[in-house]
Amino acid sequence: MRNSRTTLIRPVALPDSASAPVVPGLMTSVVYASDDPDMLDAQYEGRADGYTYAREGHPNADLLARRIDAMEGMSGGVVMGSGMAAVTAAMMGILRAGDHVIGGDQLYGRSLRLMNTDLNRFGIETSLADATDAAAVEAAIRPNTKMILIEIVSNPTIRVADLEGIAALAKSRGILLMVDNTFTTPLSIKPVDYGADIVIHSVTKLMAGHSDVTLGYAVAKDPDLNKAIYDFAVTTGMTPSPFDCWLADRGLATFELRFAKTQENARALADHLAGLPGVKRVLYPTRDDHPDAARAKALLGDQGCNMVSFEVEGGRAQANALARAAEGIAFAPTLGDVGTTLSHPPSSSHRGLTPEARAAIGISEGFFRVSVGLEDTEALNGVFTRAVAASQSV
Ligand SMILES: *Cc1c(COP(=O)(O)O)cnc(C)c1O
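The structure reproduced in this document is the subject of the present report. (Residues numbered from 1 in each chain as written. Predicted model: local features only at pLDDT ≥ 70, side-chain atom pairs only at ≥ 80, totals over all residues. Heavy atoms only, no water.)

## Brief notes about the environment of T235
Inference 1: Position of T235 among the secondary structure elements: in helix 9 (residues 223–235).
Inference 2: A C-alpha to C-alpha distance of 8.5 Å links T235 and E56, two positions 179 residues apart in sequence.
Inference 3: A distance of 2.8 Å separates the side chain of T235 from the backbone oxygen of D231, its partner in a polar contact. (Helix = DSSP H or I, 4+ residues; strand = E, 2+ residues; numbered from the N terminus. Polar contact = N/O pair within 3.5 Å; in protein donor to acceptor, adjacent residues only side chain to side chain.)

If you want it as structure tokens, here you go:
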């Protein structure tokens, strides 16, 4: 039997090496073989470690989850196939029909859709409230309110949530507070330090950082809630790809450096834009002219995030000219990439709103959001000088 096809098809072990690799391996195996049924029992009953089937878990997902756990000061988090998988699993794994959830009224677009449409189909009640105002959130509380979901810095208007006020409220009313920490990241703020019960991420964005993977992460303080999130994710097949996890883990090696440099560039770009003719306003959380600057400085420290929004004079024609003239800057609705990307909310994330509804949150045709990357600071500012000038000469 030694030369049978099966032996040849499945070489079982790597060659011996007295030295160890310095890079974690990529484990693509879907199934894992145990010694015998007793061992399988031991694994299922938690008496022995080990994997069984990749949808239930695999080493690359766990390596990544433990790294994000450490950054957030949490434990037992779950990595999933996208940020929206994380939002969905954390809500649908924990809530039941008849419960009520409050969301910030400027949440990520698909989180809003989940709140406004999908949860309601399953009998979960939802409402939205202004997360910059704890009193507005308090007014939305019902007897059956079980969860509040907020983002600390909103997209694209860069408003800063009243995290402390909302956390105190959630605690006093026995409501779970879930924070989407995608924009701010644990390098800026650890929501658990402020009383968050659940933290989620789109790892796709700043953490992975290279626009080449789609991944999410969710973690709860309470191990039973972690288990509920894990079971929902595994049952509904939100499993991440091992290769995506491997890439994200690789991206995390430079996360601190990337975040420091992109914030530095973002602050410099915000200050630069504010001095350009044709720029009506600039939004960066820790600039003194920002409506939430005091709160941003208290929560986020000196800088804040890598996102800058700004508004130029004019309408669609000026916006088109600006996007076309921004040489080397991808006009693409994502964020957190190593390269700067430019997005225009009226034609992308906020296209579903009427012009009046957009105006109500300050988004005109001249409104842009920049996810600032790692370029040379002066070179980047120069691109925006030319792009804004081009828009104003239309
Ligand atoms: C992108 C994003 C999500 C969704 O993440 P995906 O990985 O695209 O599914 C959720 N919340 C915020 C704040 C985001 O920016």
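## Some points on the pairing of strand 9 (residues 307–312)
Inference 1: The element strand 9 is largely enclosed, with a buried count of six among its six residues.
Inference 2: Pairing of strand 8 (residues 279–283) with strand 9, which is carried by four bridges, proceeds in the antiparallel orientation. Residue pairing for strand 9: V282 is matched across the bridge by F310.
Inference 3: Taken together, the five bridges between strand 9 and strand 12 (residues 367–371) define a ladder with antiparallel strand orientation. Following the sheet pairing, S309 is matched in strand 12 by R369. (Buried < 20%, exposed > 50% of the residue type's maximum accessible area, 1.4 Å probe, protein only. Pairing = 2+ DSSP bridges.)

## Notes on the site of the ligand
Inference 1: Close to the ligand lie 13 residues; G83, D180, S202, T204 and K205 are nearest.
Inference 2: The separation between an oxygen atom of the ligand and a polar side-chain atom of T204 is 2.6 Å.
Inference 3: Relative to its free-state accessible area of 380 Å², the ligand is covered by the protein chains to the extent of 92%.
Inference 4: Of the residues belonging to the shell around the ligand, the class tally is five nonpolar, five polar and three charged. (Near = heavy atom within 4 Å. Areas by Shrake-Rupley, 256 points an atom, 1.4 Å probe, with all protein chains shown as cover. Nonpolar A, V, L, I, M, F, W, Y, C, P; charged D, E, K, R; others polar.)

## Focus on the packing of aromatic side chains
Inference 1: Under the defined criterion, the tally for this structure stands at five aromatic pairs.
Inference 2: Aromatic side chains F243 and W246 sit 6.1 Å apart centroid to centroid with 15° between the ring planes, which places their arrangement in the stacked category. You can see F243 and its partner W246 sitting in helix 10 (residues 242–252), three residues apart, about one turn around the helix.
Inference 3: Assessed through its relative accessible area of 43%, F243 is described here as partly exposed.
Inference 4: Accessibility expressed as a relative area gives 23% for W246, which makes it partly exposed.
Inference 5: Note on F255 and F259: the rings are 5.9 Å apart at their centroids and 40° apart in plane angle, and the pair reads as tilted. You can see F255 and its partner F259 sitting in helix 11 (residues 255–274), four residues apart, about one turn around the helix. Summarising the burial analysis for this pair, F255 and F259 share the class buried.
Inference 6: Clustering of aromatic rings is evident, with ring pairs tying together F310, F368 and F384. (Phe/Tyr/Trp six-rings, centres within 6.5 Å; stacked < 30°, edge-to-face > 60°.)

## Some remarks on helix 11
Inference 1: Compared with an ideal rise of 1.5 Å per residue, which puts 20 residues at 28 Å, helix 11 spans 28 Å between its outermost C-alpha atoms and is within 8% of the ideal.
Inference 2: For helix 11, the set of buried residues is F255, R258, F259, T262, Q263, N265, A266, L269, A270 and L273. (Expected span 1.5 Å × (residues − 1).)

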